[in-house]
Structures are given as C-alpha cells and as structure tokens.
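Residue-level structure breakdown
The residues making up each chain are set out below.
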Amino acid sequence: MKKESKGKLTRVFFDMRELGVLIPMVLFFVYFAAKNPAFLSNVNIINILRTASFTLIAGVGMTLLLITGSFDLSAGAQVALAGVSTGIALQAGLSVPVSIVIGLICTTLAGALLGFCTIKLDIPVFIGGIGVQYIIKGCILVVREGAPVFPLTDEFNAIAEVEVFGLPLVVIIALIVALIGSFILRFTVYGRKLYAVGGNAETARLSGIRCAAISFSAFLICGFLTGISGVLTAARLNSGQPNAGADFQTTVIASCVIGGVSLFGGAGSVLATVLGSLFMTMLTNGMTITGISPYYQQLVLGVILIFSVGFDRFRNSRKV
C-alpha cells in the first residue's frame with residue numbers, strides 16, 4: 001500500500017508541471033519578505049505585477065506557440081515595431097484606437113511572416129525567428145534612422161496611468177488575456193488541436209487536423225499579443241523606441257519554460273506562464289531590493305532556466 005501511495009504521489013508531482021516553479025517561488029517569496037519588509041509593500045507588489053504583466057501578455061501567445069512545438073525569437077523586435085508603428089500613426093494625426101490597431105496589425109503580420117517561413121518554406125524556426133527579427137529591426141532603422149518616435153499624444157500616454165480597482169491597466173489586460181488563453185486551451189476544440197499538433201504532428205494529421213493551419217494561427221496570435229505588450233510599453237515609455245524589447249523574447253520564453261511549458265511541444269498551460277512570469281519578475285525585484293548584485297541575478301536566472309529544461313526532459317523520460 002505504501003509503495004502504491006508513493007507511486008501515486010510521484011505521478012501527481014510529474015503530472016503537475018506548475019509545481020516545479022511554485023515551490024521555489026514560495027521559498028524565495030518568504031526569503032525576500034524576511035530579508036527586507038519593503039518587499040511586501042503595496043508599491044513594490046504592484047510594481048512586480050506591472051512588470052510581470054508585460055511579459056505575461058506576450059507569454060500567453062508564446063505558450064500557444066510552444067505547445068505546437070515552435071517559438072518566436074522575433075518577439076523583442078515586434079515590441080519595438082508595435083511602439084514605432086503606433087507612434088508614427090499618432091504623429092500622422094490618426095486617433096488612438098486606429099493607431100493601436102495599426103500597431104497590432106504590423107506585429108500580427110510579422111507573426112504571419114515567421115509562420116510562412118517556418119511552415120511553407122520549411123525554414124527552421126530558430127533561423128526564421130532570427131531572420132524576421134533582423135527584417136523588423138532593419139525596417140525600423142530605415143524608416144526612423146534610429147530615432148525614437150517622440151512625442152506621442154497625451155491621450156495615448158495616459159494609457160499607462162489608467163488604474164482599475166487600484167491596479168494598473170496593464171495588469172487587468174494581462175489577467176483578461178490569461179483567462180481567455182486558459183479557457184481556449186482547457187475547454188475548446190482549438191486548444192486540444194494545439195496540444196495534438198505539438199504532441200505528435202503525424203498522428204494529428206492522420207486524425208484529420210490541419211496541422212499547418214493550426215500552427216500558423218498560433219504564430220498570428222503570438223504576434224498579436226506581443227503587439228499588445230509593445231503598445232503598452234510605448235505608452236509607458238511615452239515614445240516609440242526602436243531599441244525597445246531588447247532580450248524581451250528571451251524573457252518571455254524563459255518565463256514560459258520555467259513555469260512548466262515544454263520547450264519540445266505538446267504540454268504546458270497558461271497558469272504555468274503566469275507563475276513563470278511572476279517568478280522571474282519577483283526574483284529580479286527581490287534580489288535588487290535585498291541588495292544582491294545584478295551579476296548574481298543573471299547567474300541565478302540562468303541556473304534556474306537550465307534546471308527547468310533539464311527537469312522537463314527528465315519528466316518526459318519518466319513517462320516513456
């Protein structure tokens with residue numbers, strides 16, 4: 001009986017992917033709170049939520065993409081593209097809603113371009129992502145010659161100051177996006193198809209699923225949601241910065257993987273990305289507020305990321 005009970009607990013542990021980040025998250029939270037009470041202040045908690053939300057919004061799209069077995073290395077450039085294109089539209093005299101839509105269309109098209117290169121041209125997603133990233137950055141530099149889009153309208157900049165129930169608007173948007181993403185993955189046929197494509201594309205194809213269409217849609221969604229992060233970043237910076245989003249794709253992918261989304265496709269959840277985004281932001285914030293050197297911060301994040309991927313591989317091997 002004891003062996004059976006132990007076996008069940010082991011299976012529960014390996015099946016609950018989010019547990020891998022939840023335990024260290026709680027431990028670090030307690031440590032930072034004990035080390036510096038300012039960590040628990042309302043101002044700092046809201047700051048953590050705000051910073052994590054930018055990553056989470058794009059992370060939900062990246063989660064869908066990772067589940068299909070792909071990823072987007074051009075996400076950082078798309079953040080800059082969203083801000084610059086929205087800013088140009090605003091300076092052209094267009095309204096805030098229309099300018100935002102233009103920015104989102106641009107990043108969605110960038111996602112479509114990567115999807116086309118990966119699916120139709122059969123270019124490895126790693127190379128395709130780097131190529132699209134350079135294309136986006138090149139277009140921005142040609143159009144703006146490296147100069148930021150500034151100033152933006154007061155109405156647009158005010159987006160960053162909006163609060164709902166005492167929380168920044170970006171946090172509310174991130175929560176809504178996470179809830180919608182979680183609903184799609186858990187309760188819709190489309191969500192099940194995403195898992196099927198990432199788990200075994202050949203089996204999914206034989207069962208009648210249009211794998212290429214499903215994968216392409218994930219690229220579009222990822223580009224669209226990354227665009228939302230880019231627009232909100234521009235509002236926060238009060239400008240469209242050509243260099244905005246540097247290393248953003250690394251942070252987003254790392255948040256997903258650390259949370260428990262498989263880098264190899266077929267497994268993961270939006271909850272995992274929520275926890276991963278909060279954990280990475282909390283870790284950086286907590287180490288800063290407790291006076292830990294930023295050099296150690298990079299070291300700790302690197303170790304945690306490698307451990308997460310290694311643990312994912314080990315977990316998969318246990319299921320075989």
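Everything that follows concerns the structure shown earlier in this document.
Residues numbered from 1 in each chain as written. Predicted model: local features only at pLDDT ≥ 70, side-chain atom pairs only at ≥ 80, totals over all residues. Heavy atoms only, no water.

1. Section: the overall build of the chain
- The secondary structure content of the chain amounts to 14 helices and two strands.
- In terms of C-alpha radius of gyration, the chain reaches 20 Å, essentially the compact-globule figure of 20 Å for 320 residues.
- Each principal axis of the C-alpha distribution contributes one length, and for the chain these read about 70 × 55 × 35 Å.
- Counting over 320 residues, the chain shows a buried share of 47%.
- Long-range contacts, defined here as pairs at least 24 residues apart, represent 79% of the contacts in the chain between residues at least 6 apart.
- Of the roughly 15800 Å² of accessible surface on the chain, a fraction of 69% belongs to carbon and sulfur atoms. (Helix = DSSP H or I, 4+ residues; strand = E, 2+ residues; numbered from the N terminus. Rg over C-alpha atoms; globule rule 2.2 N^0.38 Å. Buried < 20%, exposed > 50% of the residue type's maximum accessible area, 1.4 Å probe, protein only. Contact = heavy atoms within 4.5 Å. Areas by Shrake-Rupley, 256 points an atom, 1.4 Å probe, with all protein chains shown as cover.)

2. Considerations on helix α11 (residues 211-237)
- A rise of 1.5 Å per residue sets the reference length of α11, with its 27 residues, at 39 Å; its end C-alpha atoms lie 39 Å apart and thus fit the reference within 8%.
- Burial of α11 is extensive: 19 of the 27 residues sit out of reach of the surface.
- Positive backbone phi, at 60°, marks Asn 238, one or two positions downstream of α11. (Expected span 1.5 Å × (residues − 1).)

3. A few points about a nonpolar patch on the surface
- The grouping of Leu 22, Val 26, Phe 29, Val 30 and Leu 40 at the surface amounts to a nonpolar patch, some 400 Å² of accessible area in total.
- Examined against the element boundaries, Leu 40 turns out to sit in the loop between α2 (19-35) and α3 (42-67). (Patch = residues over 30% accessible without salt bridge, like charges linked within 9 Å, V, L, I, M, F, W, Y side chains within 5 Å. Salt bridge = Lys/Arg side-chain N within 4 Å of Asp/Glu carboxyl O.)

4. Overview of the packing of helix α5 (residues 96-120) against helix α6 (residues 125-144)
- Running from N to C, α5 and α6 cross one another at 145°; their axes reach a closest spacing of 9 Å. In the crossing of α5 with α6, the sense of the turn from one axis to the other is right-handed. Between α5 and α6, the residues in contact are Ala 110, Leu 113, Leu 114 and Thr 118 and Val 125, Gly 128, Gly 129, Val 132, Ile 135 and Ile 136, respectively.
- Grouping the amino acids of the contact of α5 with α6 by side-chain chemistry returns seven nonpolar, three polar and no charged. (Axes fitted to C-alpha atoms, helices over the stretch in contact; angles between N-to-C directions. Left-handed = near helix turned anticlockwise from the far one by under 90°. Nonpolar A, V, L, I, M, F, W, Y, C, P; charged D, E, K, R; others polar.)

5. Here we look at α6
- With 20 residues, α6 extends 28 Å between its outermost C-alpha atoms, agreeing within 8% with the 28 Å of an ideal straight helix rising 1.5 Å per residue.
- Taken residue by residue, α6 has Val 125, Gly 128, Gly 129, Val 132, Gln 133, Ile 136 and Ile 140 as its buried positions. For α6, the arc enclosing every buried residue in end-on projection is 135°, short of the 170-degree limit, so these residues lie on one face. For α6, the exposed residues set more than 90 degrees away from the buried face come down to Tyr 134 and Val 142.
- Considering only its buried residues, α6 is in contact with α4 (75-91), α5, α11 and α12 (248-259). (Arc of directions from axis to C-beta.)

6. Focus: the packing of aromatic side chains
- On inspection of all chains with the given rule, the structure shows six aromatic pairs.
- When the centroid spacing of 5.5 Å and the interplanar angle of 45° are considered together, the rings of Phe 183 and Phe 187 count as tilted. You can see Phe 183 and its partner Phe 187 sitting in helix α8 (residues 169-187), four residues apart, about one turn around the helix.
- Exposure remark for Phe 183: the relative accessible area of 49% places this residue in the partly exposed category.
- Connected via pairs of aromatic rings, a cluster forms that spans Phe 28, Phe 29, Tyr 31, Phe 32, Phe 39 and Phe 279. (Phe/Tyr/Trp six-rings, centres within 6.5 Å; stacked < 30°, edge-to-face > 60°.)

7. Some details on the nonpolar core
- One finds Met 62, Phe 71, Ile 136, Phe 156, Leu 194 and Leu 232 to be the most contacted residues of the largest nonpolar core, which totals 62 residues.
- Element by element, the count of residues in this core is highest for α11, at 11 residues.
- If we skip the residues at most four places from it in the chain, Phe 71 touches Met 62, Leu 65, Leu 66, Leu 114, Val 125, Phe 126, Phe 219 and Ile 253.
- Ranked by size, the runner-up nonpolar core spans 16 residues in total, among them Phe 39, Leu 275, Phe 279 and Leu 283. (Core = buried A, V, L, I, M, F, W, Y, C linked by side-chain atoms within 4.5 Å.)

8. Concerning the state of the cysteines
- For the coordinates displayed, the defined rule picks out zero disulfides.
- Left unpaired, Cys 117 is separated from the closest cysteine sulfur, that of Cys 139, by 13 Å.
- Of the residues examined, Cys 117 reaches a relative accessible area of 14% and is grouped as buried.
- For the unlinked cysteine Cys 211, the closest cysteine sulfur is that of Cys 222, found at 19 Å. (Disulfide = S-S within 2.5 Å.)

9. Comments concerning the pattern of salt bridges
- Summed over all chains, the structure comprises one salt bridge.
- Note that Glu 202 and Arg 205 form a salt bridge whose closest N and O atoms lie 2.5 Å from each other. Of this pair, Glu 202 and Arg 205 both sit in helix α10 (residues 201-206), three residues apart, roughly one helical turn.

10. As for the environment of Ala 246
- Locating Ala 246 in the fold gives a position in the loop between α11 and α12.
- Here the alpha-carbon distance between Ala 246 and Gly 76, two residues 170 residues apart in the chain, equals 5.6 Å.

11. Some details on the packing of α3 against α12
- Contact geometry of α3 with α12 gives a least axis separation of 9 Å together with a crossing angle of 65°. By the angle between their directions, the pair α3 and α12 is classed as roughly perpendicular. Relative to α12, the crossing made by α3 is right-handed. Of the residues in α12, those touching α3 at Phe 54, Thr 55, Ala 58, Gly 59, Met 62, Thr 63 and Leu 66 are Phe 248, Thr 251, Val 252, Ile 253, Ser 255 and Cys 256.
- In terms of residue class, the contact of α3 with α12 is built from eight nonpolar, five polar and no charged. (Parallel < 35°, antiparallel > 145°, perpendicular 65-115°, else oblique.)

These figures capture arrangement, not role.
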